[in-house]
Amino acid sequence: MIFASVGSMLPFDRLVRAVDDWAAANPARPVFVQIGDGAYEPRHAPFARVMPQAEYRQRLRDCTLFVAHVGMGSILQALEDGKQMLMLPRLHALGEHTTDHQLHTAARFRDRPGLLIVDDVGQLQANMTRLLDTPLAAGHAISAEASPSLLAGVARFLDTAAPRRRPDGQ
Amino acid sequence: MARPRRLLAVASGGGHWIELLRLRPAFAGWDVAYVSMFDNYAAAVPGTRYYTVPDASRFDKLAFPKVFAKAAWIMARERPHAIVTTGSAPMLAFLSLGRVMGARSLWIDSIAQAEEMSSSGRLAKRLATQAVCQWPEVAAAEGLAFWGGVL
């Protein structure tokens, strides 16, 4: 089962259309798409606009391939669930996001195990077929917590915001 | 008896919210209330107070006054000692209000900002008590601290 998602905040019809076209050409392979506010509605795959978080997470856990935009929410949750990812960055020039930060994210995460970032819809469709047949060697699932150093920094900051009073009231 | 320390943890929907959830271990010992944009996110933070503000992306600037009004209502109810946010722009409202109301505030620029700080983060530098970036090169370019990332 492929689960494809454009996230929850902005439309990304280029990805939805590519996944739908692939689904038309591969009717035996189940696909489900979260399309957000997109104008294009898939005709060859079931879809939802934005699912409640719990349902979204269940779809992610149940899939064998996660196809998505290069959003950090998508990356973080798929890493937490140890899912192989196939991702297409949103482009500012096509009005798909407010900036090109997904290209920058893509550059940072391109070499991470379990994750394949492609540059266009042709590569996306080719790799949907390939990764179903030959899955990526997925990295192991990560914890649901930030790095220890960031957690320590935040905790330190909070201590300065309202220092814990001593038990003797000093 | 010390007053319970109140923290307001706020983030826009999507990745910003996922980043915020990954900070939860650092909130131990605080009375935490959360703010985001979708009602169903309440299920992710059971046993806490959860509020929503209207979605106001940069494609829809007219939504900002509505966000500010709701943020003011939430701040009046919660009177937090501290505010932590992982962005994005609409959450700047809480930093402004926090300044006026004497709350200490922390802006953590998104891990998605891998090459330069977000434009909202640059505003947050002036509004928040402290701002940090999640990539060392980005933090250095902004003269800000790097404490690590949500990953």
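Description of the structure in this document. (Residues numbered from 1 in each chain as written. Chains lettered and ligands numbered in written order. Predicted model: local features only at pLDDT ≥ 70, side-chain atom pairs only at ≥ 80, totals over all residues. Heavy atoms only, no water.)

1. Observations concerning the overall build of chain A
Broken down by element type, chain A carries six helices and six strands. Walking chain A from its N terminus toward its C terminus, one meets helices and strands in the order β-α-β-β-α-β-α-β-α-β-α-α. For the C-alpha atoms alone, the extent of chain A along its principal axes is close to 70 × 35 × 30 Å. Taking all 170 residues of chain A together, the buried fraction comes to 51%. Counting contacts in chain A only where the partners sit at least 6 residues apart, residues at least 24 apart contribute 57% of the total. For chain A, the exposed area adds up to about 7,800 Å²; of that, 53% sits on carbon and sulfur atoms. Mean positive and mean negative side-chain charge positions of chain A (18 and 18 charges, respectively) differ by 5 Å. (Helix = DSSP H or I, 4+ residues; strand = E, 2+ residues; numbered from the N terminus. Buried < 20%, exposed > 50% of the residue type's maximum accessible area, 1.4 Å probe, protein only. Contact = heavy atoms within 4.5 Å. Areas by Shrake-Rupley, 256 points an atom, 1.4 Å probe, with all protein chains shown as cover. Lys, Arg positive; Asp, Glu negative; His and termini not counted. Charge placed at Lys NZ, Arg CZ, Asp CG, Glu CD.)

2. Comments concerning the packing of helix H3 (residues 92-101) of chain B against helix H4 (residues 119-127) of chain B
Residues and elements named next belong to chain B. For the pair H3 and H4, the least separation of the axes is 10 Å and the interaxial angle reads 10 degrees. By the angle between their axes, H3 is roughly parallel relative to H4. Between H3, through Leu92, Leu95, Ser96 and Arg99, and H4, the contact on the second element is made entirely by Ser120, Leu123, Ala124, Arg126 and Leu127. In terms of residue class, the contact of H3 with H4 is built from five nonpolar, two polar and two charged. (Axes fitted to C-alpha atoms, helices over the stretch in contact; angles between N-to-C directions. Parallel < 35°, antiparallel > 145°, perpendicular 65-115°, else oblique. Nonpolar A, V, L, I, M, F, W, Y, C, P; charged D, E, K, R; others polar.)

3. Details of the side chain of Lys83 of chain A
Residues and elements named next belong to chain A. Mapped onto the elements, Lys83 comes out in the loop between helix H3 (72-80) and strand E5 (85-88). One buried charge, Lys83, has no salt-bridge partner; the nearest side chain with opposite charge is Asp62, at 6.8 Å. From its side chain, Lys83 meets the backbone oxygen of Cys63 in a polar contact 2.7 Å long. Residue contacts for Lys83: discarding those within four places in its chain leaves Leu60, Arg61, Cys63, Ala78 and Gly114. (Salt bridge = Lys/Arg side-chain N within 4 Å of Asp/Glu carboxyl O. Polar contact = N/O pair within 3.5 Å; in protein donor to acceptor, adjacent residues only side chain to side chain.)

4. Description of the packing of aromatic side chains
Residue and element names in this part refer to chain B. The full count for this structure, using the stated rule, is nine aromatic pairs over all chains. Between Trp17 and Tyr41 the ring centres are 5.0 Å apart and the planes differ by 15 degrees, which places this aromatic pair in the stacked class. Placement of the pair is Trp17 in helix H1 (residues 15-21) and Tyr41 in the loop between strand E2 (31-36) and strand E3 (49-52), with a sequence separation of 24 residues. Plain terms: the ring middles of Tyr51 and Trp73 are 6.1 Å apart, the flat faces sit at 80 degrees to each other, and that makes the pair edge-to-face. Pair noted here: Tyr51 is in strand E3 and Trp73 is in helix H2 (residues 64-78), with a separation of 22 residues, a long-range link. Taking the relative accessible area as the measure of exposure, Trp73 reaches 44% and is therefore partly exposed. Members of the aromatic cluster, connected to one another through ring pairs, are Trp17, Tyr34, Phe38, Tyr41 and Tyr50. (Phe/Tyr/Trp six-rings, centres within 6.5 Å; stacked < 30°, edge-to-face > 60°.)

5. Considering the interface of chain A and chain B
Taken together, the contacts link 41 residues of chain A with 45 residues of chain B. Summing both sides of the interface, chain A and chain B together bury roughly 3,700 Å²; the carbon and sulfur share of this comes to 68%. Here chain A is connected to chain B by three salt bridges. With a closest N to O distance of 3.6 Å, Asp159 of chain A and Arg5 of chain B form a salt bridge. The interface formed by chain A and chain B contains 13 residue pairs in polar contact (both at pLDDT 80 or more). (Buried area = accessible area lost by both parts, 1.4 Å probe.)

6. Here we look at the pattern of salt bridges
The full count for this structure, using the stated rule, is 14 salt bridges over all chains. Here Glu80 of chain A makes a salt bridge to Arg22 of chain B, at a shortest N to O gap of 2.6 Å. In this pair, Glu80 of chain A sits in helix H3 while Arg22 of chain B sits in the loop between H1 and E2, so the two residues belong to two different chains. Owing to a relative accessible area of 15%, Glu80 of chain A belongs among the buried residues under this scheme. Through salt bridges with shared partners, a single network forms among Arg57, Arg61, Glu80 and Asp81 of chain A together with Arg22 of chain B.

7. Overview of the sheet that holds strand E4 (residues 65-69) of chain A
Picture the strands of a sheet paired through backbone hydrogen bonds; they go either parallel or antiparallel. Residues and elements named next belong to chain A. Sheet architecture is open: six strands sit in the order E3-E2-E1-E4-E5-E6, paired in parallel fashion. Across the chains shown, the open sheet's two edge strands, defined by having one partner strand only, are strand E3 (47-48) and strand E6 (115-117). Bridge count for E5 against E6 is three bridges, and the pairing is parallel. What sits directly across from Met85, in E6, is Leu115. Its contacts with the sheet put helix H1 (residues 13-25) on strand E1 (2-5), strand E2 (31-34), E4 and E5, and the angle it makes with E2 is roughly 165 degrees. On top of the sheet, H3 reaches E4, E5 and E6; it is set at about 175 degrees to E5, its chief contact. (Pairing = 2+ DSSP bridges.)

Take it as geometry only, folks, not as evidence of what the structure does.
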